[in-house]
Amino acid sequence: MSSAQLEIQLIASLVAIACAIPGTFLVLRKMAMISDAISHSILPGIVIGFFITQDLNSPLLILLAAVTGIITVILVEYIQKTGLVKEDTAIGLVFPALFSIGVIMIAKNANDVHLDVDAVLLGELAFAPFDRLIISGVDVGPKSLWIIGTILLITIGLLFAFFKELKVSTFDTGLAASLGFSPVAIHYGLMTVSSVTTVGAFDAVGAILVVALMIAPAATSYLLTNELKRMLIYAICFGVFSAISGYWVAHWLDASIAGSITTMLGFLFLAVYLFAPNKGVIAVLYLERQQRTEVSLLTFLLHLKNHTEERERHVNHLNEHINWQKVRSKTVLDLAHKNNMIQLDKNIVSLTEKGEDFTSQAIDYIITNQDSKIEHMKDDFFLFRG
Amino acid sequence: MENKIAVKVDDLTVAYNYKPVLWDIDLEIPEGVLMAIVGPNGAGKSTLIKSILGILKPIAGSVSIYDEPYEKQRQLVAYVPQKGSVDWDFPTTALDVVMMGTYGSLGWIKRPGQKEKKEALEALEKVGMLPFKNRQISQLSGGQQQRIFLARALVQNASIYFMDEPFQGVDASTEIAIINILKALRKAGKTVIVVHHDLQTVPEYFDWVTFLNVKKIATGPVKDIFNDDNLTKTYGINYKVSIQE
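Since the structure is predicted, the reported quantities are computational estimates derived from the model, not experimental observations. (Residues numbered from 1 in each chain as written. Chains lettered and ligands numbered in written order. Predicted model: local features only at pLDDT ≥ 70, side-chain atom pairs only at ≥ 80, totals over all residues. Heavy atoms only, no water.)

Describe the interface of chain A and chain B, with residues and values.
Listed per partner, the contact involves 32 residues of chain A and 34 residues of chain B. Of the roughly 2,900 Å² buried between chain A and chain B, counting both surfaces, carbon and sulfur atoms make up 61%. Joining chain A to chain B, the criterion identifies 3 salt bridges. When the shortest N-O distance is used, the salt bridge between B:Arg152 and A:Asp172 registers 2.7 Å. Summed over the shared surface of chain A and chain B, the number is 13 residue pairs in polar contact (both at pLDDT 80 or more). When residues of the side of chain A that touches chain B are traced back to their parent elements, those giving at least two are α7 (143-171), α8 (173-179), α9 (183-222) and α10 (228-253) of chain A. (Contact = heavy atoms within 4.5 Å. Buried area = accessible area lost by both parts, 1.4 Å probe. Salt bridge = Lys/Arg side-chain N within 4 Å of Asp/Glu carboxyl O. Polar contact = N/O pair within 3.5 Å; in protein donor to acceptor, adjacent residues only side chain to side chain. Helix = DSSP H or I, 4+ residues; strand = E, 2+ residues; numbered from the N terminus.)

So, in structure tokens, the structure goes:
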């Protein structure tokens, strides 16, 4: 592996981490689309900054672009507050307008500016190692590595300092306000970090991948955990994994690095969406099936408990009586038998002691709806997990 | 009753988009009462609480908590928002939500530690939710979620509690558990202010009541002012509620 390859992967990984952190909070605040808006509408900020500084990596340019990002958020909120249009419409109005101003500005000055729309949309990570930061004659590494590294350090610092404030204001704005943690300040703080990160990552990976790196890792980890800290850590891991594996996929296919990373993010999400242990599609289908069987089992047990007469408890009679198909009756019968809830005597079914107990407890629960009574049953049965 | 005034509201007017939701409210809530705020939908009950707590900005008027502005008295006040105002799919546990009640006394940046955790566990115990401390909040029933919110307010160890419809969507046993805790708070000398919907239970649960419908209709002891006259003025139709003596 050459040092340029290593540098590209390092930049991609740092960008992924820097994006995953604000991205997690954007996803939880249901503001995923605002990152899309910011990533596009900072274009005029970048162009104006470039006119002034003539340097794509100047801190002033990053600052100007971030300010454009904040202006986007303010405009969206202002339009939304009039009550005439909804938030998604407001976003759809604001960012294309700002983005197109940027496009026109580039087109008007295309002759003497090394900036084009393709590079802005898709970025070009492959060229990142060529733009070096030279300090008093010494080459200290690619400029974009320093830029995103600095942004990442600031982001991590802010995250550690304000984790509790971010959490409470994301979960419960009203409580945060009453406790004196200004939700407005935290909101704009998060928007500023998102804007700065977007600008910093923009040059390396482009506007579209920035959005993918903010939203996809967070959305993926949301399916896997019930704890905010873990969600952040998983999101970071997914981001870095996609960055590195995406780089090698691009290397192997000789294709765009940004495109490959985004594709990896998509595959990762799809895999988790299908196979996540609790929230995944397959797990949910399995759970529903299981619940259906258990409801059937309970219905069956209740029927046995309610009827003492033998003809109501004959195996063949049960088929037609409870109105199930043969296969289903057999599944339920087997399940009850396996759990020692019933005994069979010449095709007459009756409840065992365990079956009696279980059924009474279940009835108790259904009538009183008291969770404490069935805590110990929950491990065995999906039905009561709610 | 010659008590200190816990909450004082002066000429409070709040508007959404130029339409007044609360109009020139004057209100004095004495220390140590368990007070219901009642009124029809859209009467501004939640708005009143949110304005007192500085969550909404009034266009006129002022609020004081023990003669000082709210900003100086945050530590004395606990707030239970409406259950529906938060996203219960948020990735967090019951214990963690209760811990949020300690954030106010910690202030900015400082993190909760063992002491805060111990307080949160005690509060969970008080509302009977200790066995559920590590449960993800979306896995809790509506009543359990409300108890978690109550525990979070208890952990704030405040003097004044504001609660926005704590009985909404809870089962009967939770309702009894909650009202018993509220009565215990009053016994301990705390002031409890509750937005309440069920008029039938007002005389049984509360000793003080405020009738609200954009304007304040009446405020005072339940036994003196909870009558058909005030109910009719507030709800606009002829109300008949029998008061158990």
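A description of helix α3 (residues 43-53) of chain A should follow, citing residues and the corresponding values.
Taken together, the buried positions of α3(A) are A:Leu43, A:Pro44, A:Gly45, A:Ile46, A:Val47, A:Gly49 and A:Phe50. Positive phi appears at A:Gln54, one or two residues downstream of α3(A), with a value of about 55°. (Buried < 20%, exposed > 50% of the residue type's maximum accessible area, 1.4 Å probe, protein only.)

Tell me about the pattern of salt bridges, and name the residues and values.
Applying the stated criterion to the full structure yields 15 salt bridges over all chains. Notably, a salt bridge pairs B:Glu68 with B:Lys72, separated by 3.8 Å at the nearest N-O pair. Owing to a relative accessible area of 32%, B:Glu68 belongs among the partly exposed residues under this scheme. A relative accessible area of 62% places B:Lys72 in the exposed class. Through salt bridges that share partners, A:Glu7, A:Arg132 and A:Asp139 make up one connected network.

Tell me what's going on with a nonpolar patch on the surface, and back it up with residues and numbers.
All names here are of chain A. Taken together, the side chains of Ile48, Phe51, Ile52, Leu60 and Leu63 make up a nonpolar region of the molecular surface, amounting to roughly 450 Å² of accessible area. At the level of secondary structure, the elements contributing two or more residues to the nonpolar patch comprise α3 and α4 (59-81). It is α3 that provides the largest number of residues to the nonpolar patch, a total of 3 residues. Structurally, isoleucine 48 can be placed in helix α3. Taking relative accessible area as the criterion, isoleucine 48 reaches 38% and is therefore assigned partly exposed. (Patch = residues over 30% accessible without salt bridge, like charges linked within 9 Å, V, L, I, M, F, W, Y side chains within 5 Å. Areas by Shrake-Rupley, 256 points an atom, 1.4 Å probe, with all protein chains shown as cover.)

Quick rundown of helix α5 (residues 142-155) of chain B? Include the residues and the values.
Residue and element names in this part refer to chain B. Here α5 contains 14 residues, and its C-alpha end-to-end distance of 20 Å stays within 8% of the 20 Å for a straight helix at 1.5 Å per residue. Among the 14 residues in α5, 13 count as buried, and that is most of the element. Two residues or fewer past α5, asparagine 157 is found with a positive phi of approximately 45°. (Expected span 1.5 Å × (residues − 1).)

Give me the lowdown on the sheet that holds strand β5 (residues 68-69) of chain B, citing residues and values where you can.
Residue and element names in this part refer to chain B. In spatial order, the strands read β2-β1-β4-β5; together these 4 strands make up an open sheet with antiparallel pairing. Since the sheet does not close on itself, it has two edges, and those belong to β2 (19-30) and β5, each with one partner. Note that strand β1 (residues 5-16) and strand β4 (residues 60-65) share 5 bridges and pair antiparallel. The partner of lysine 8 across the bridge, within β4, is serine 64. Relative to β1, helix α1 (residues 45-52) is tilted by about 115°, and along the sheet it contacts β1, β2 and β4. (Pairing = 2+ DSSP bridges. Axes fitted to C-alpha atoms, helices over the stretch in contact; angles between N-to-C directions.)

This is a description of form; function is not addressed.
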